[in-house]
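What follows is each chain in one-letter form.
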Amino acid sequence: MFDSFRHIIRLFLREAKMVAHDHSLLLTLLIAPLLYAFFYGSLYSYKVEEKVKLAVADDDKSELSRAFLQQLNKMQIADVVGAVNLSDAQEKMYRGDCQGYLYIPDGVQKKVLALQQGDIVLAVNAARFLPSSELAGAVTKLAMTVGAGVRLKYNEMQGLNTAMAMQETQPVNLDYRPLYNTRSSYGAFLLPGLLALILQQTMLLGLAGSVALDKQRRHIPELVRTGGGSLSTALWGKGLFYMILFFCYACFFMTVNYATLDIPFRGRVFDVAVAFILFFFTLIPLGVWLGSLFNSQLLAAQLLAFSTYPIFLVSGYAWPYESLPVPMQWLSSMVPTTPFLHIYQSIVQSGATLQQNVPSMLHLLALWAFYVLLALLSLRRLNKQQQALSL
Amino acid sequence: MLRAIFKITIREWKRIFSLPEHYLVMLVLPPLLCFLYAYIYNGQFVKDQPVAIWDEAHSPLSRKFTFMLQETESINITQQVNNEAALEKMIQDGTVAAAIHFPARMDDHIKSRQPVYITVYTNTASVVTAKLIYKDAAKVLLTAGSGVILQKLVKTGMPTGKAMALVQPIKLSTYFLYNPRYSYQQYLVPGLIAVALQMMMIMVTVLVLNMEVKKGTIGALNILANGSASNILIGKTLAHLSIAWINYIMVTFILFPLMAAGQIGGSWGLFVIFTLLMLACISVGMTVSAIVDDVMVACDLGLFYTSPAFVFSGYTFPRWGIPWYDQYYAWIMPSTPFLDAFFKVYFMQLPLSYVYKEMGQLLLFVIITFPLAILFLQRKLNKLRLQHV
């Protein structure tokens, strides 16, 4: 027991020395996580998009249309840009000066006053998802509010008092309660996941790069020897450095970054710490196994760089797991990010506990066992190969 | 000169097909990654998300509303609950993504002129799902609400047409142009692929010159180029550009038409802006390669430079919604003007005259970095010649 502990400490020091002497590992492990956390964090610091430009061609030029546009411009989401006519509004959208256009034809007010429907047209550039859907939602809401106002006036003219007229105007109302992200902001949704993903990817890049470097230099037998001949000690001794380093990063992100970016933390610190530890314990053998597949550190860095987006996209965070094709669901289930992000998101954002995430915890544990097995097998194979070569 | 450039291009092709750092990234990864992206979004839409109903009304109207909600694309009613605590617990542990509450005596209240509030709860920690469920639920409930108003007005003896006009005095016709059904596959996949191809090109070209130094082949290359850095850079650029065109063919002739509803072969405009993007990437990559001798450090620089490209480009989250310093960072990546032009040329099918600004910005990358690459490489070649002498 004491021997194993001593070997692990030696391997930890060996890894620290290796990182300190390698520019690339130093960059990936010490600078990249902080740099990325700053960059990605600041990117979504405003969290919601505001003032989406909308060109307006108002041919009605009536009191109603002016009031409508005034209200529209007051909305946080919209920024009204004047257009001479419909084709000018279209041209503005083509040039990218606005994300859509609203056309109010002549005679709308006249129709509304004559108790006829007044038609207005909204065209949004749906190739840009977020701004167009937000704009369409806001304009629809405004049109309905104006409609309700017209009904209110009508009811009052029918002799109802204001309170009764109000009740009659909208008998069925919608009360929307978005839980855990009350502003429904894209930033508040994405930031927690992005911070976790930064930790994962930099850890995998660094650890896989380090194993690939050991392999490239034919140092695997030396690594195993430093671990007292035990593959398991070699694995966890090497991994201990990453465990400590990334646990420190996780603590930093969860405190400093969460505070500066104003991300709410609704769960218990203990629960999220356990989730992170289990996650890192799963990533360490995964990183060692991945690193063992590459013949050089360069190739490991080059190819793993392309894993970030696919891993994030299949993890079920941005796109629901159930909406993935079945083979993609299998792939998603093999990635530790999937169960981890499920646990992490529900603890951090919804205030859930570990007890409410038992299936995902078991999933993560199963992946840990699987990747430990793969890592040990690959270390044994490489050890044998390189020992044979040195003989 | 032309002969030297031609020889270097042929030599570079051989290197691309023989070095794993080149062929894995330039030839193996593009089809794999592109098909993976397209396949992830093969479902195109978020469908049948689990939703709970808390029905205290137990009335014909609440049952009718429930039926209408079940008919929508994103809502699948899987649970019935009896109180708010149970509902919140289900949302918290992920059993359901949303819940809808019908209050007690809802029908009576509607008849007796008491406003009724139907509550929609969503787990907005998952904002994509929450917004889609809300959109569908709001559509159903507002339509149902309008139906109630219409019935009330008709009951007072008002003609249906007039009643209809009063229900919806302003009829808003909304047109969702270029991606009317909000298909994620149609929207996200082309952008992801464009950024991936940019990243691949830069990740490879940051290695094209320093790798020659590392492998000790720079001397032979120098001889082949008659000591001219520009010959080397032009020759290598042509080789890498031709590989980029192969990827363009793969993407626009197979992937976009099959999986992202794009037209076969893209368009002339798309080809032009893609070529400009690739030239910008090659120039930037080769400049790094000419300056940084350590291949690992060059690779890391390429990685740090390109990996945030997608989120900074404004493709998903608009650029005007990010802090000013991030907006500046976005402009030092070729993907930013490219994706702006891509929206116009690919989605909106506008002619190149609408993207001259973006084309100019892409050209600027070449104009600034290509001479820099020549300068640094020439200095290296001169040193090499001196050492040789």
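All values reported here derive from a predicted model rather than from experimental measurement.

(A) A look at the overall build of chain A. Assigned secondary structure in chain A consists of 16 helices and 5 strands. Since a compact globule built from 391 residues should have a radius of gyration of about 21 Å, the 29 Å found for chain A marks it as more spread out than a globular shape. By its C-alpha atoms, chain A is 100 × 45 × 40 Å across when sized along the principal axes. Counting contacts in chain A only where the partners sit at least 6 residues apart, residues at least 24 apart contribute 76% of the total.

(B) Expanded view of the overall build of chain B. For chain B, the helix and strand inventory stands at 17 helices and 5 strands. Against the 2.2 N^0.38 benchmark of 21 Å for 389 residues, chain B shows a C-alpha radius of gyration of 29 Å, more extended than a compact globule. Buried positions account for 49% of the 389 residues belonging to chain B. The long-range fraction of contacts in chain B, counting pairs at least 24 apart against all pairs at least 6 apart in sequence, stands at 76%.

(C) Representation of the environment of Thr78(B). Residue and element names in this part refer to chain B. In this structure, Thr78 sits in strand β2 (residues 75-80). Here Thr78 falls in the partly exposed class, since 15 other C-beta atoms lie within 10 Å of it. Sequence separation of Thr78 and Val96 is 18 residues, and the distance between their C-alpha atoms is 7.9 Å. Among all residues touching Thr78, those that are not within four sequence positions of it are Pro50, Val51 and Val96.

(D) Fine view of the pairing of strand β3 (residues 100-104) of chain A. Residues and elements named next belong to chain A. Counting buried residues in β3 gives 5 out of 5 residues, a clear majority hidden from the surface. Strand direction decides the pairing type here: strand β1 (residues 52-58) and β3, joined by 4 bridges, are parallel. Counted as the bridge partner of Val56 is Leu102 from β3. Note that β3 and strand β4 (residues 118-125) share 4 bridges and pair antiparallel. Residue pairing in the sheet places Gly100 in a bridge with Val124 of β4.

(E) Looking closely at the domain arrangement of chain A. Each assigned domain of chain A is listed here: domain 1 (2-45 + 185-390) and domain 2 (52-169). Spacing between the C-alpha centres of domain 1 of chain A and domain 2 of chain A amounts to 50 Å.

(F) Fine view of the interface of chain A and chain B. Taken together, the 91 residues of chain A in the interface contact 94 residues of chain B. The element contributing the most residues to the side of chain A that touches chain B is helix α6 (residues 129-157) of chain A, with 14 residues. Grouping the amino acids of the side of chain A that touches chain B by side-chain chemistry returns 53 nonpolar, 29 polar and 9 charged.

(G) Inspection of the sheet that holds strand β2 (residues 78-82) of chain A at higher detail. Ordered in space as β2(A)-β1(A)-β3(A)-β4(A)-β5(B), the 5 strands form an open sheet in which the pairing is mixed. Of all strands in the sheet, those bounded by a partner on one side alone are β2 of chain A together with β5 (170-177) of chain B. Neighbouring strand axes in the sheet, compared pairwise and without regard to direction, differ in orientation by 25° on average. Two strands pair when backbone bridges link them, and β1(A) and β2(A) are joined in this way by 5 bridges, in the parallel orientation. Bridge assignment links Ala55(A) to a residue of β2(A), and that residue is Val81(A). Docked against the sheet, α6(A) engages β1, β2, β3 and β4 of chain A together with β5 of chain B, running at close to 175° with respect to β5(B).

(H) The arrangement of the domain arrangement of chain B in detail. You can read the domains of chain B as domain 1 (2-42 + 183-388) and domain 2 (49-167). Measuring from the centre of the C-alpha atoms in domain 1 of chain B to the corresponding centre in domain 2 of chain B gives 51 Å.

(I) Local environment of the sheet that holds β2(B). With respect to topology, 5 strands assemble into an open sheet ordered β5(A)-β4(B)-β3(B)-β1(B)-β2(B), the strand pairing being mixed. Pairing within the sheet leaves two strands with one partner each, and these edge strands are β5 (172-179) of chain A together with β2 of chain B. Each strand axis lies, on average, 25° off the axis of its neighbour in the sheet, ignoring direction. Along the sheet face, helix α3 (residues 60-70) of chain B touches β1 (49-55), β2 and β3 (98-102) of chain B and points at about 130° away from the line of β2(B). Docked against the sheet, helix α6 (residues 127-155) of chain B engages β5 of chain A together with β1, β2, β3 and β4 (116-123) of chain B, running at close to 170° with respect to β5(A).

(J) The environment of Ile77(B), seen in detail. Residues and elements named next belong to chain B. Among the secondary structure elements, Ile77 is positioned in strand β2. When the C-alpha positions of Ile77 and Val206 are compared, they lie 53 Å apart, and in sequence the two are 129 residues distant. Setting aside chain neighbours within four positions, we find Ile77 in contact with Val51, Ile53, Thr66, Leu69 and Gln70.

(K) Fine view of the UniProt feature "transmembrane region" (unreviewed entry) in chain B. All names here are of chain B. In the numbering used here, UniProt assigns the "transmembrane region" (unreviewed entry) feature to residues 21-40, 187-209, 240-261, 268-289, 295-316 and 359-377. Within residues 187-209, the helical portion is 83% and the strand portion 0%, while the C-alpha atoms at the span's ends are 36 Å from each other. Structurally, residues 359-377 comprises 100% helix and 0% strand, and the distance from its first C-alpha atom to its last is 27 Å.

(L) A look at helix α7 (residues 160-167) of chain B. Along α7(B), the residues classified as buried are Met164(B), Ala165(B) and Leu166(B). The inward-facing, buried residues of α7(B) contact α6 of chain A together with α6 of chain B.

(M) Geometry of unusual backbone geometry. Residue and element names in this part refer to chain B. A positive phi angle is found at His58, which is not glycine, with a value near 45°. By secondary structure assignment, the location of His58 is in the loop between β1 and α3. The class for His58 is exposed, based on 12 C-beta atoms found within 10 Å. One non-glycine residue, Gln349, adopts positive backbone phi at about 50°. With respect to the helices and strands, the residue Gln349 is situated in the loop between α16 (335-347) and α17 (356-388).

Here is what the cut-offs are and how they apply
Residues numbered from 1 in each chain as written. Chains lettered and ligands numbered in written order. Predicted model: local features only at pLDDT ≥ 70, side-chain atom pairs only at ≥ 80, totals over all residues. Helix = DSSP H or I, 4+ residues; strand = E, 2+ residues; numbered from the N terminus. Rg over C-alpha atoms; globule rule 2.2 N^0.38 Å. Contact = placed C-beta atoms within 7 Å. Buried ≥ 20, exposed ≤ 12 C-beta atoms within 10 Å, placed from the backbone. Pairing = 2+ DSSP bridges. Domains from an automatic or database assignment. Nonpolar A, V, L, I, M, F, W, Y, C, P; charged D, E, K, R; others polar. Axes fitted to C-alpha atoms, helices over the stretch in contact; angles between N-to-C directions. UniProt positions renumbered as here; feature names shortened; annotations may be inferred.

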